[in-house]
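The lines below spell out each chain.
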Amino acid sequence: MDRRRLLHAIPRLAQLALAATGLAALGFAPAQAQGTYPTRTITVVVPFAAGGPTDTVARLVAESMSRDLGQTVVVENVGGAGGTLGAARVAQARPDGQTLLLHHIGMATAPTLYRRLSYDAVGAFAPIGLVTEVPMTVIARKDLPAKDLKELAALIRKETTGINYANAGIGAASHLCGLLLQKAVDAPMTTVPYRGTGPAMTDLISGTVDVMCDQTTNTTEQIRAGAVKVFAVTTPERLPSMPDVPTAAEAGLPGMEVTIWHGLYAPKGTDAAILERLSKALQTALRDPKVSQRFADLGTTPVAQERATPAAHASFWQADIAKWKPVIEAAGQYAD
Ligand code: MLT
């Protein structure tokens, strides 16, 4: 990426991020909701690689939903292009409740960031419900010569583009958070894109890449194991799951606040009764003690039941698209 263009874009994107966080189907006839739905295995597409934060959330929820639905729910990883390849798969699937998408905040940024998609980034989907809200952490390979966030900032400034940061592609949570970090330190890093932060974490642990800003669902266990170095959480308050880790503001970079959300979607045209059935199964999963305990352990909590509905998630999603649109447009930095 052109460094001058990146640096120019960072402040705008960061402003957008701060503001935002402070921050058809293809002609298939909709399936009729049958009292017996579902009668076959359901596939939940995760638009990132296996082993990452979206995958972790999807597998936990899918397992619990499958018990409620009385059918197998499998997770299929279709990573690449910041989540748009997996989203395209579901946009083009039959709207029969058999193929779903579990995606994150990228559903709100892609409609503006990606101007030449093969699918309608908003109109191709029917929301089922919000799933989680997840904090992020600024982490690094464990031998990076910086002991806290201020020293990391100094190192990034000193090395100019010599420090690289792993992320899951343009519009991915890790990409947006990396932009925030660069804005906060007012210096660029070199971006290293992956199909998801699961494989990026492997490279961070082995020391192939330097820095990552990723969701606690992917970083908590590696931080506890000492496999990576942690500098800060991106929440206004410290997290009960890692009370010794300062907030970015406490660590010297105020304004680095961002929380990622995940939602569940079906292709547009899916029968409303099927969406309702899936929403009920999602709500049951979110109340499942096994799910909530694991979420708590990974620094996140399932959302309240009333947010895990088609109507509530439709308005939340639309509002988030509206928040990100002007930020991305002002930055003028698009994925194409
Ligand atoms: C992201 O950065 O958007 C996520 O970490 C992607 C993933 O789940 O791998």
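Cut-off values and rules
Residues numbered from 1 in each chain as written. Predicted model: local features only at pLDDT ≥ 70, side-chain atom pairs only at ≥ 80, totals over all residues. Heavy atoms only, no water. Helix = DSSP H or I, 4+ residues; strand = E, 2+ residues; numbered from the N terminus. Buried < 20%, exposed > 50% of the residue type's maximum accessible area, 1.4 Å probe, protein only. Areas by Shrake-Rupley, 256 points an atom, 1.4 Å probe, with all protein chains shown as cover. Phe/Tyr/Trp six-rings, centres within 6.5 Å; stacked < 30°, edge-to-face > 60°. 1 Å grid on protein atoms, 1.4 Å probe; cavity = no way out; pocket = protein on both sides within 12 Å on 5 of 7 lines; lining within 4 Å. Points joined across faces, edges and corners; volume = space filled by probe spheres on them. Domains from an automatic or database assignment. Pairing = 2+ DSSP bridges. Near = heavy atom within 4 Å. Polar contact = N/O pair within 3.5 Å; in protein donor to acceptor, adjacent residues only side chain to side chain. Sits in = over half its atoms within 2 Å of the grid points. Nonpolar A, V, L, I, M, F, W, Y, C, P; charged D, E, K, R; others polar.

A. Summary view of the overall build of the protein. Along the protein, the regular secondary structure elements total 11 helices and 10 strands. Residues counted as buried form 57% of the 336 residues belonging to the protein. Carbon and sulfur atoms make up 53% of the accessible area of the protein, which amounts to about 12900 Å² in all.

B. Layout of the packing of aromatic side chains. One pass over the full model with this rule turns up 4 aromatic pairs. Pairing Tyr 119 with Phe 125 gives two aromatic rings, centres 5.9 Å apart and planes at 85°, and the pair type is edge-to-face. Taken as a pair, Tyr 119 and Phe 125 share a single burial class, namely buried. Residues Trp 261 and Phe 316 carry aromatic rings whose centres are separated by 5.2 Å and whose planes lie at 80° to one another, so their mutual orientation is edge-to-face. In this pair, Trp 261 is assigned in strand S9 (residues 259-267) and Phe 316 in helix H11 (residues 310-331), connecting sequence segments 55 residues apart. Residue Phe 316 is classed as partly exposed on the basis of its relative accessible area, which comes to 22%.

C. Region of the structure containing empty space enclosed by the protein. Approximately 60 Å³ is the volume attributed to the largest cavity. Residue assignment for the lining of the largest cavity shows that the elements contributing at least two residues are helix H2 (53-69), helix H6 (173-185) and strand S7 (211-215). When residues of the lining of the largest cavity are assigned to domains, at least three fall in each of domain 1 (40-134 + 260-331) and domain 2 (135-233). The space that makes up the second largest cavity amounts to roughly 40 Å³.

D. Layout of the pairing of strand S4 (residues 125-141). By the criterion of burial, S4 is predominantly enclosed, with 16 of the 17 residues buried. One ladder, built from 9 bridges, connects S4 with S9; its direction is antiparallel. Paired with Glu 133 across the strands is Trp 261, a residue of S9. In this sheet, strand S10 (residues 301-302) lies alongside S4 in antiparallel orientation, the contact comprising 2 bridges. When the sheet's bridge partners are listed, Thr 132 is paired in S10 with Pro 302.

E. Quick look at the site of the ligand. Residues in close proximity to the ligand include Phe 48, Pro 53, Thr 54, His 104, Ala 168, Ala 172, Ala 173, Ser 174, Gly 196, Thr 197, Asp 214 and Gln 215, which together make up its full environment. Between Thr 197 and the ligand, the recorded distance is 2.5 Å, taken from a side-chain N or O atom to an oxygen atom. Contact with the protein chains removes 100% of the 270 Å² of surface that the ligand exposes when unbound. Of the pockets mapped on this structure, the ligand occupies the largest cavity. A per-class count over the shell around the ligand returns 5 nonpolar, 6 polar and 1 charged. Looking at which domains feed residues into the shell around the ligand, each of domain 1 (40-134 + 260-331) and domain 2 (135-233) supplies at least three.

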